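Observations on the model geometry
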Amino acid sequence: MPDTSSCQFEQRPRRLVMGAVGLQPDVCKMCNVRPSSVCSAIEDEDISRLSEAAVETIITPGRCFIEEGEPATDFFNVTSGTVKLFKALPDGRRQITGFAGPGHFLGLAVSDRYAFGAEAVDTVRLCRFSRERMRALLDDFPRMERRLLEEASNELVAAQNQMLLLGRKTARERVASFLLDQANHGELNSAGQLHLPMTRGDIADYLGLTIETVSRTLSWMRAQGMIDVGKGYAITLLSRERLESLAEGED
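Residues numbered from 1 in each chain as written. Predicted model: local features only at pLDDT ≥ 70, side-chain atom pairs only at ≥ 80, totals over all residues. Heavy atoms only, no water.

This brings us to the overall build of the chain. The helix and strand tally for the chain stands at seven helices and 14 strands. A total of about 13,300 Å² of accessible surface is found on the chain, and carbon and sulfur atoms cover 50% of it. (Helix = DSSP H or I, 4+ residues; strand = E, 2+ residues; numbered from the N terminus. Areas by Shrake-Rupley, 256 points an atom, 1.4 Å probe, with all protein chains shown as cover.)

Set out below in structure tokens:
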């Protein structure tokens, strides 16, 4: 099981910046991920309510901030960085079930306890909402509740895709699907490179493969001209069309 002592928060109070009318909590209004997150359900004129409810939190790499089975007291909206989600087995092993990036909302639970664990891959910034404050927001802003239902539906689709990935796809199809998914939900730099902060071991765990198989598959894709592997974890997708065909089992 994850070390519970590592599930700690480093909190930073919201900064007040000078706005058009005195001091305004404009941090939420200026947030880059707001348009694609559940927070978009709250209009600008009510944004102060959102800002008052949120606590900006920094999670350092390797830190757990959601522990499976613990009381679901908080919700989290990721604003930067990458989070790995995992399930724990009785013997202490962990299975990575997904990765979450900016715009993902974490902590939705059908019960009063978390159904998964979450750990920061790199430095993660997120907005933390207590269950009580989130309930108050949902009471006052029904659109936000509808956005949360959409988020839950997206999680269900992601779970179904993961079942297909592990149950039917070959190693090459799995790696291709992973790269495309990261490109669709991540950020490419000016050179068109995709930064993968997770380790090869994390990728292998998520895809149900060995590290050696992941490395061999990436080398094969590079030799085929589908990708280019740069320094660190940078990968350039040279042929999205071929990767898409491969992911669908057509190549």
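Now for the environment of E151. Here E151 lies in helix α3 (residues 142-167). As a C-alpha pair, E151 and L106 span 45 residues in sequence and 9.4 Å in three-dimensional space. In this structure E151 touches V38, H104, F105 and L108, once residues within four positions along its chain are discounted. (Contact = heavy atoms within 4.5 Å.)

With that settled, consider the packing of helix α5 (residues 200-207) against helix α6 (residues 211-223). Packing of α5 against α6 brings their axes to within 8 Å, and their N-to-C directions diverge by 100 degrees. Here α5 is positioned roughly perpendicular relative to α6, judged by the angle of their axes. Two secondary-structure elements touch here, α5 through R200, G201, I203 and A204 and α6 through I211, V214 and L218. Partitioned by chemical class, the residues of the contact of α5 with α6 number five nonpolar, one polar and one charged. (Axes fitted to C-alpha atoms, helices over the stretch in contact; angles between N-to-C directions. Parallel < 35°, antiparallel > 145°, perpendicular 65-115°, else oblique. Nonpolar A, V, L, I, M, F, W, Y, C, P; charged D, E, K, R; others polar.)

The subject of this paragraph is empty space enclosed by the protein. Using the criterion set out here, one finds one cavity of 30 Å³ or more in the structure. Within this model, the largest cavity holds a volume of roughly 40 Å³. The set of elements that each furnish at least two residues to the lining of the largest cavity consists of α4 (171-185), α5 and α6. Per element, the largest residue contribution to the lining of the largest cavity is three residues, and it comes from α4. Class assignment for the residues of the lining of the largest cavity results in eight nonpolar, no polar and one charged. (1 Å grid on protein atoms, 1.4 Å probe; cavity = no way out; pocket = protein on both sides within 12 Å on 5 of 7 lines; lining within 4 Å. Points joined across faces, edges and corners; volume = space filled by probe spheres on them.)

If you walk across this open sheet you meet the three strands as β12-β14-β13, and the pairing is antiparallel. In the strand order of this sheet, the two ends are held by β12 (193-195) and β13 (227-229), each with one partner. In this sheet, neighbouring strand axes are inclined to one another by 30 degrees on average, regardless of whether the strands run parallel or antiparallel. Examined bridge by bridge, β12 and strand β14 (residues 234-237) share three bridges and lie antiparallel to one another. Paired with L194 across the bridge in β14 is I235. (Pairing = 2+ DSSP bridges.)

A side chain of one charge can pair with a side chain of the opposite charge when the charged atoms of the two come close. Applying the stated criterion across every chain yields a total of twelve salt bridges. Where R93 meets D91, a salt bridge forms, and the shortest distance between an N and an O atom there is 2.7 Å. D91 carries the same exposure label as R93, and that label is exposed. Across the salt bridge formed by E150 and R147, the nearest N and O atoms sit 3.1 Å from each other. One end of the pair, E150, and the other, R147, are both in helix α3, three residues apart, so they sit about a helical turn from each other. By sharing partners, the salt bridges in this structure join K84, R94, E119 and D202 into a single network. (Salt bridge = Lys/Arg side-chain N within 4 Å of Asp/Glu carboxyl O. Buried < 20%, exposed > 50% of the residue type's maximum accessible area, 1.4 Å probe, protein only.)

What follows is about the nonpolar core. Generally speaking, soluble globular proteins have nonpolar side chains that are buried together. Ranked by internal contacts, the top residues of the largest apolar core, which has 29 residues, are F178, L179, L196, L207, M221, I227 and L243. For this core, the secondary-structure elements that each account for two or more residues are β8 (94-100), α4, α5, α6, β14 and α7 (240-247). Not counting residues up to four positions away in its chain, the partners in contact with L207 are L165, L166, R174, V175 and F178. Counting 19 residues, the second-largest nonpolar core is a separate cluster that includes C28, C39, L138 and M144. (Core = buried A, V, L, I, M, F, W, Y, C linked by side-chain atoms within 4.5 Å.)

This part covers the packing of aromatic side chains. Within the structure shown, the criterion is met by five aromatic pairs. On the numbers, 5.9 Å between centres and 20 degrees between planes, the contact of F75 with F105 is stacked. Of this pair, F75 sits in strand β6 (residues 74-80) while F105 sits in strand β9 (residues 105-106), placing them 30 residues apart in sequence. Residue F105 is classed as buried on the basis of its relative accessible area, which comes to 1%. Summarising the aromatic geometry, the rings of F99 and Y206 are spaced 5.4 Å apart at their centres and angled 65 degrees between planes, so their arrangement reads as edge-to-face. Here F99, found in strand β8, pairs with Y206, found in helix α5; they are 107 residues apart in sequence, far enough to count as distant. Y206 sits in the buried class, given a relative accessible area of 14%. Following the ring pairs from residue to residue traces out a cluster consisting of F99, F178 and Y206. Of note, R94 hangs over the ring of F86, and the distance from its end group to the ring centre comes to 4.0 Å. For the cation-ring pair, R172 lies above W220, with the distance from its terminal atom to the ring centre recorded as 3.7 Å. (Phe/Tyr/Trp six-rings, centres within 6.5 Å; stacked < 30°, edge-to-face > 60°. Lys NZ or Arg CZ within 6 Å of the ring centre and 35° of its normal.)

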